[in-house]
Amino acid sequence: MNKMSRESQHGKWTLSSSDDEDEDPSAQTTSETRYEPEPLPSDGNPGKGLRPLGVRPDPEASPNPVTQREVSRERVEKTRGVGVGAGSGSDPRQAARSNQVNREKFGAGVTTSSAKRKKESEDTGWALSSSDDDCENSSFADHRKARNPSPKRTKPERARPASPHGASYYKEEPADVFDAGFLPADGAFRFYLNRVTGIEKKFNTGALHIKEILSPMLGTLKESVQFNYCFDISWMVQQYPPEFRDKPVMIVHGEKRESKARLIQQAQPYTHIRFCQAKLDIAFGTHHTKMMLLWYEEGFRVVILTSNLIPADWYQKTQGLWLSPLYPKLPEGSPFLAGESPTNFKSDLLDYLRSYRAPELEEWIQRIGEHDLSQTRVYLVGSTPGRFLGSDMEKWGHLRLRKLLSENTQRVQNEEAWPVVAQFSSIGSMGVDKTKWLAAEFQHTLTTLGKGKKVSTSPEIPMYLVYPSVENVRTSLEGYPAGGSLPYSIQTAQRQLWLHSYFHYWSAEVTGRSHAMPHIKTYMRTSPDFAELSWFLVTSANLSKAAWGALEKNNTQMMVRSYELGVLFLPSAFDMKTFKVQKNPFPATGSSASFPVPFDLPPQPYRNKDQPWIWNIPYTQAPDTHGNVWVPS
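Residue numbering note: each chain is counted from 1, following its sequence as written. Under the rules for a predicted model, residues below a pLDDT of 70 receive no local features and side-chain atom pairs below 80 are neither given nor counted, while totals for whole chains, interfaces and linings still include all residues. Just so you know, side-chain values use all the structure's heavy atoms and leave hydrogens and water out.

Q: Mind showing me how you'd approach the sheet that holds strand β7 (residues 191–193) here?
A: The strands making up a sheet associate through backbone hydrogen bonding, with each pair oriented either parallel or antiparallel. Read from one edge to the other, the open sheet built from seven strands follows the order β7-β13-β12-β11-β8-β9-β10, with strand pairing classed as mixed. The open sheet terminates on both sides in strands that have one partner only, identified here as β7 and β10 (273–277). Neighbouring strand axes in the sheet, compared pairwise and without regard to direction, differ in orientation by 20° on average. Note: two strands are recorded as paired if DSSP finds a minimum of 2 bridges between them. The helix count covers DSSP runs of H or I at least four residues long, the strand count covers runs of E at least two residues long, and both are numbered beginning at the N terminus. The pairing of strand β11 (residues 291–296) with strand β12 (residues 300–305) spans five bridges and is antiparallel. Its bridge partner being in β12, Trp 295 is matched across the sheet by Phe 300. A fitted line through C-alpha atoms represents every axis, and for helices the fit uses only the stretch in contact; the resulting angles, taken between N-to-C directions, go from 0 to 180 degrees.

Quick look at the structure:
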């Protein structure tokens, strides 16, 4: 098998030619074609090295067909697993219990199946062995094995460390981390960052932990729904206060087959937990929405967030959330859609819930209808799987965002100089050049301001893409295992070298989170001096067509693969022309009228030796903050 070398300003790598074909997932629709999710590449099981255990590759690494290799969905499901215990990493897909940690201390040598990988990594910067042995040893055999499967064997259940760094990775939280009497500052925006262990205390003042979100201080809980992608159910239950731990909980998930069975098995000790399976009818679709519905004796609350329900997501990552006001119950006999907000949030939330077509959610749809959501000042931006025509095209994905920006923002002077900033933790396949999606329909959406003049998608409008570099990950609080939540694969990266010139590294001195790798996803339009915002979005949606949708059939149809959810902040909803960017968000008081952007502006471009983090190639030249190297196998 021949190797092909690719080189760019951000490094050089070697890749098997069998993975070098460009692909268009939407173009291959025959029933003969079989797919596997992009984050689980066929050339190896990324992350056995220092892979965070109990996690799965992020779904936003967009869906790609397996070129030259057919892998059945059943086989993929067998390898996915569901988080059971304190996994590190977030949206990366949860590995099965049998996955083992292969930690390598710097200087101790690399003991993976291919020493050649280490040499290539040192010689070229980025390398992936093309050895057929590596493929045979991976979780995915090649297409010959898929066609002639060997008899299934039951893998023994094995104990495993609680994290990639062993059982002691999650340090005991200081006594003052969780404040039982803490009430979130009732600021105008209701946008919060998660608490981070290991940073200066002032940067956690006003930040939230899941225990505080579920605290009795916010309401006397009667019942709740947890929408999410990754679950550690025993950990989740412990985050509820003792007095609420037997209250009914519904889990909305996207698991199937064996992974669904493992999820249900996790919940066996908890009789108060029920399940609702989200329908995923389009290949590569994932249930990536992260939302809590909390029903109290005093009313109802919505939380839309970026964290999975696993401990690592609430430990040393930068995450964000929007916490709704407490919505009171409407008077008896009120119309179902009474209590609507100026942002139409109630109707949009109900439409989103109806899109699941799930009988299990009908009770909640009725319950929400009975509450007054009129105080909401954000807009809901969701994605739900399907192919949409006509006016339905603008209900979901990036066309939903485009419609809101067109109808609810105002034109600004010198508009072409107002940059777009997009920050994310995973990247999908966007085509052979920027005109295929990013600089075409997606940039059209992100640069929409008001109605009138046709939006320009010319290079004059700057676009800053913020994604962690290898050095960001290596020097992070978690070290290399933080990269398990940043699943940009070499198979995708080598097809879109053009994208890497857009990249800017992660820096968050303003919030004390430069070393807390981002799992938050944010999009915004800033003034040329980065002092003002024309809008700001926090969402579960990463940079991929699967999450945001893509136009088809000469722009007459919108196809979306995944469930996603976020909230859009527009100045008009807060009686402002623009948002001022807050210079010192911490310690947070809730009284500021300026917006707390979670990272440093302006974003800084990658330096000469910087490379985007690629999660399934080795990094052995320098140790991370815990003395480890990263060796996928």
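Q: Any chance you could explain the packing of helix α10 (residues 397–408) against helix α11 (residues 438–446) here in plain terms?
A: A pair of packed helices is characterised by two quantities: the angle between their axes and the separation of those axes. Between α10 and α11, whose axes approach to 8 Å, the crossing angle comes to 35°. By crossing handedness, the relation of α10 to α11 is classed as left-handed. For the pair α10 and α11, contact is made by His 398, Leu 399, Leu 401, Arg 402 and Leu 405 and by Glu 441, Phe 442, His 444, Thr 445 and Leu 446, respectively. When residue character is reported, Ala, Val, Leu, Ile, Met, Phe, Trp, Tyr, Cys and Pro are called nonpolar, Asp, Glu, Lys and Arg charged, and the others, Gly included, polar. Taken together, the residues of the contact of α10 with α11 sort by class into five nonpolar, three polar and two charged. By the definition used in this description, the sense in which the near helix is turned from the far one sets the handedness, with an anticlockwise turn below a right angle giving left-handed and a clockwise turn giving right-handed. When checking whether two residues touch, look at their non-hydrogen atoms; a contact exists if any pair is within 4.5 Å.

Q: Looking at this structure, how should I read the packing of helix α8 (residues 345–354) against helix α9 (residues 362–369)?
A: Relative orientation of the contacting elements α8 and α9 amounts to 175°, with a least axis distance of 10 Å. Taken together, α8 and α9 sit at an angle that is classed as roughly antiparallel. Contacts from Lys 346, Leu 349, Leu 350, Leu 353 and Arg 354 in α8 reach Ile 365, Ile 368 and Gly 369 in α9. For the contact of α8 with α9, a count of residues per class yields five nonpolar, one polar and two charged. Relative orientations are named as follows: roughly parallel for angles under 35 degrees, roughly antiparallel for angles over 145 degrees, roughly perpendicular for angles from 65 to 115 degrees, and oblique for any other angle.

Q: How should I be thinking about the nonpolar core in this particular structure?
A: Here is a general trend for soluble globular proteins: nonpolar side chains tend to be buried in one another's company. Residues belong to a common nonpolar core when they are buried Ala, Val, Leu, Ile, Met, Phe, Trp, Tyr or Cys residues joined through side-chain atoms within 4.5 Å. Burial here depends on accessible area, computed with a 1.4 Å probe over protein chains only, as a share of the maximum for the residue type. Under 20% is buried, over 50% is exposed, and the range in between is partly exposed. Counting residues in each nonpolar core, the largest one holds 117 residues, and the members touching the most others are Leu 438 and Phe 569. Leu 438 has contacts with Met 430, Gln 443, Met 463, Leu 465, Trp 498, Leu 499, Tyr 502 and Leu 543, leaving out every residue within four places of it along the chain. In this structure, Leu 214, Met 236, Ile 251 and Tyr 296 belong to the second largest nonpolar core, which totals 29 residues.

Q: I tried to follow the pairing of β10 on my own but got confused; where do I start?
A: Pairing between strand β9 (residues 249–253) and β10: five bridges, direction parallel. Within β10, the position partnered with Val 249 by the bridge is Ile 273. If you view a crossover with the strands going away from you and the path from the first strand over the helix to the second runs clockwise, you call it right-handed. Handedness of the β-α-β unit built from β9, helix α7 (residues 257–266) and β10 comes out right-handed.

Q: What is the right way to look at the side chain of Ser 562 in this model?
A: Relative to the helices and strands, Ser 562 resides in the loop between β22 (557–560) and β23 (564–569). Here a polar contact means two N or O atoms within 3.5 Å. Within protein one must be a hydrogen donor candidate and the other an acceptor candidate, and residues neighboring in sequence count only if both atoms are side-chain atoms. Of note is the side chain of Ser 562, whose polar atom sits 3.1 Å from the backbone nitrogen of Thr 286. Other than its neighbours up to four places away in sequence, Ser 562 contacts Phe 284, Gly 285, Thr 286, Ser 383, Thr 384, Pro 385 and Ala 546.

Q: Before we go on, may I ask you to explain the sheet that holds strand β21 (residues 550–552) in this structure?
A: In spatial order, the strands read β15-β22-β21; together these three strands make up an open sheet with antiparallel pairing. Of all strands in the sheet, those with a lone pairing partner are β15 (386–389) and β21, marking the two edges. Adjacent strand axes in the sheet meet at a mean angle of 30°, parallel and antiparallel pairs treated alike.

Q: I would appreciate a short explanation of the side chain of Ser 355 in the present structure.
A: Mapped onto the elements of the fold, Ser 355 is located in the loop between α8 and α9. Given a relative accessible area of 16%, Ser 355 falls into the buried group. A distance of 2.6 Å separates a polar side-chain atom of Ser 355 from the backbone oxygen of Tyr 352. Excluding anything up to four places from it in sequence, Ser 355 contacts Thr 384, Trp 396 and Tyr 563.

Q: Just checking my understanding: could you explain the pattern of salt bridges for this structure?
A: Any two side chains of opposite charge can pair, given that their charged atoms come close. Only one rule defines a salt bridge in this text: a Lys or Arg side-chain nitrogen within 4 Å of an Asp or Glu carboxyl oxygen. Overall, the coordinates contain 17 salt bridges when judged by the stated rule. In this structure, the salt-bridge partner of Lys 580 is Glu 532, at a minimum N-O distance of 3.7 Å. Of this pair, Lys 580 sits in strand β24 (residues 579–580) while Glu 532 sits in strand β20 (residues 532–539), placing them 48 residues apart in sequence. Through salt bridges with shared partners, one network takes in Glu 223, Arg 274, Glu 363 and Arg 367.

Q: Help me out: how do you make sense of unusual backbone geometry in this one?
A: What is expected of a backbone is that most residues other than glycine have negative phi and most peptide bonds are trans. Leu 601 connects to Pro 602 through a cis peptide bond whose omega is -5°. Tracing the chain through its elements places Pro 602 in the loop between β24 and β25 (628–629). Unlike most non-glycine residues, Asn 414 shows phi in positive territory, near 55°. Inspection of the secondary structure puts Asn 414 in the loop between α10 and β16 (420–423). Asn 414 gets classed as exposed once you look at its relative accessible area, which sits at 53%.

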